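Listed below are the residues making up each chain.
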Amino acid sequence: MTAPAAPVTRPMTVSAPPPSQPPSRRRPKPSLHGTLSKVIIALIVIVQVYPLAWLFITSLRTEHDFATGDPFALPKAITFENYARAFETGNLGMNILNSFIVTMGANVLIVLLGMMAAYALQVLGFRFSKFVRGLFLIGIIVPVQIALVPLFIDYATINLLDTYQSMIIPLAGFALPMSIYLFCSFFEYIPRETYEAASLDGAGPYRIFGLITLPLSLNTVVTVVLVNSIFIWNDFIFANTFVLSEGLKTIPLGLQNYIGAMGKTDWTATFAAVCVTITPLLLVFLVLNKAMIQGLESGATKG
Amino acid sequence: MLPNRSRLSVLVFLLPPLLLYGVAVLFPIMQSLFLSFFSWNGISDMEFVGLANYVRMLTADDIFWRSFFNALGYLAICLVLQLGGALVVASLLTSMRRGRDLIKTLYLLPAVISTVAIAFLFVRIYSIEPVGLLNQLLHWIGLGALERPWLSDINTVLAAVSAPEGWRFTGLYMLILYAALLSVPQELEEAARLDGASRWQLFTKIRFPHIMPVWITTTIMATTYGLRGFDIPYLMTNGGPGQSSELLTTYMYKTAFTSTDFGYASTIAVFIVVECLVAVGLILFMLKRKADA
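Computed from a predicted model, the values in this text were never measured in an experiment.

Participant: Help me understand the pattern of salt bridges, please; the structure alone is not making it clear to me.
Facilitator: Pairs can form between side chains of opposite charge whenever their charged atoms are close. A full pass over the atoms with the stated rule returns nine salt bridges over all chains. E246(A) is paired through a salt bridge with K249(A); the nearest N and O atoms lie 3.5 Å apart. A relative accessible area of 10% places K249(A) in the buried class. Connected via shared salt-bridge partners are E189(B), E190(B), R193(B) and R207(B).

Given below as structure tokens:
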């Protein structure tokens, strides 16, 4: 596939180091420092990645092998029984569906409302825009825990506990500030002249939004959706607080219940379930990671 | 500003996002502040108690202070792993020629995985029966004497629940710092190198000062995220054994939803917010002073 181009389309100064080194340095002898840094990087990467590989390897182990064997060893025999058991005992399919619904719902709100707010703040402009920006900044600094008790009480009052909305609303609300920030910094790079030309042709603010800003921001949408999906797909705290019934449980809750449901912990099946549930996000990440990495880099280095 | 925008169009675009944000974030913050002055278990009548919750928290609650200091320890470990580890890898990576994209992707991988999965994973890594990765590794390198059940030993449990949080986000901060390091002007580095600057001098005198603004951003991010850390300790040990891995966040959560002491839980929540604001202020203050010096 063609890689989703840089989400922020301004020319990035950070893209690549200049390839033109002085000729004498082009083929450096393997220096001690160079070798050492490679070894350190390799070691750290192993520490980062090996536990995940181990997770997968363990999910293919037989229970006996798991209980007695050397944890670093490869499994003596590969079995998919753990996966079968994981699907039998858990509600994996339903958990994944619920996570999917919540992630989709929150993302629609975040993208649509985030873009609208950024458009009002960055493109339309108004007298109190500084104040409104400040309001949104609060949501970046303040921890989500502050909202748990009040939202729990409010949801109980208006009968919203134990619904998809009870998860979607706070997830979208707390993700909104960062997304507005990302959209704002992208809108900055749409040339003023584009808007002026459109205005002269008689386009009002709504048509300009729909015909210019929206289509131009598609790459930023990819970044925003990807970054938010990771947090929403994995959300534990809102789901754990606001959802009680089995039928609404998302993946993180489904995994947690796994243990209780079986009395004693069936580790190999649990690991199989973990593998199944992290796969969708992992695949999306591996396909789109270039877009996400670029988005994160350009968003943060603006300082 | 668009030439022919109207006041109405601003409202049309601004009100829906503000409404959601107000309902989900702003209003609950006000409500928490309000609730912190009451004693309420969710069923009986709310009783106004003034500052009594705050007095109780600051003067009469040992668990609160225990959790507070645990949270600072948790934060320290996260910061060392996330910022320290990230800076080392980021600077080493700048001198590598190939495989950088691969390393960036691999390194970011743990950030994609849910905290519940990470909690499971690390419970097994720390376990002693059947032997987990950590204890097996210690055994192999001849440090068998250090083998222990990391999560039930009160001396190691706090470090054991902090490490996974540090581990999962190192890649994120590495990515940001790496991008910043690449933006250091090559001419500057060349000039310093010609003047005979060592690698260490190059780093402390040229590169690090140049990435200072980004360093401040990442420090603030890592600190505020560290102070609100919840999932992993809650899932791995639920604050135990005893209160040896209790954080302010887990304590608040239990106070609210196990003891249903909504008023007091809100007081702790307000404290967590104040703590985050103070931390951000302190970081800005210290780094500014250092930059001026």
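Let's pick the thread back up.
Participant: Hey, could you run me through the packing of aromatic side chains in this one?
Facilitator: Ring pairs (aromatic) are described by centroid distance and by the angle formed between their planes. Here the structure, examined in full by the defined rule, presents 37 aromatic pairs over all chains. With 6.4 Å between their ring centres and 50 degrees between their planes, F80(A) and Y83(A) make a pair best called tilted. For Y83(A), a relative accessible area of 16% gives the class buried. By way of ring pairs, the aromatic residues F152(A), F236(A), W40(B), F230(B), Y234(B), Y253(B), F257(B) and F262(B) are connected into one cluster.

Participant: Explanation requested: helix α9 (residues 199-210) of chain B in the structure shown.
Facilitator: Owing to its 3.6 residues per turn, the α-helix aligns residues three or four sequence positions apart on the same side. An ideal rise of 1.5 Å per residue puts 16 Å on twelve residues; α9(B) measures up with 15 Å between its terminal C-alpha atoms. If you check which residues of α9(B) are buried, you get L202(B), F203(B), I206(B), R207(B) and F208(B).

Participant: Honestly, the interface of chain A and chain B in this entry has me stumped. Any pointers?
Facilitator: Interface size is often expressed as the accessible area that is lost when the parts come together. Of the residues lining the interface, 101 residues belong to chain A; the matching set on chain B comes to 97 residues. For the pair chain A and chain B, the number of links is 14 residue pairs in polar contact (both at pLDDT 80 or more). Per-element accounting of the side of chain A that touches chain B gives the leading share, 17 residues, to helix α13 (residues 267-301) of chain A. In terms of residue class, the side of chain A that touches chain B is made up of 75 nonpolar, 18 polar and eight charged.

What counts and what doesn't
Residues numbered from 1 in each chain as written. Chains lettered and ligands numbered in written order. Predicted model: local features only at pLDDT ≥ 70, side-chain atom pairs only at ≥ 80, totals over all residues. Heavy atoms only, no water. Salt bridge = Lys/Arg side-chain N within 4 Å of Asp/Glu carboxyl O. Buried < 20%, exposed > 50% of the residue type's maximum accessible area, 1.4 Å probe, protein only. Phe/Tyr/Trp six-rings, centres within 6.5 Å; stacked < 30°, edge-to-face > 60°. Helix = DSSP H or I, 4+ residues; strand = E, 2+ residues; numbered from the N terminus. Expected span 1.5 Å × (residues − 1). Contact = heavy atoms within 4.5 Å. Polar contact = N/O pair within 3.5 Å; in protein donor to acceptor, adjacent residues only side chain to side chain. Nonpolar A, V, L, I, M, F, W, Y, C, P; charged D, E, K, R; others polar.

Distances and angles like these do not, on their own, reveal function.
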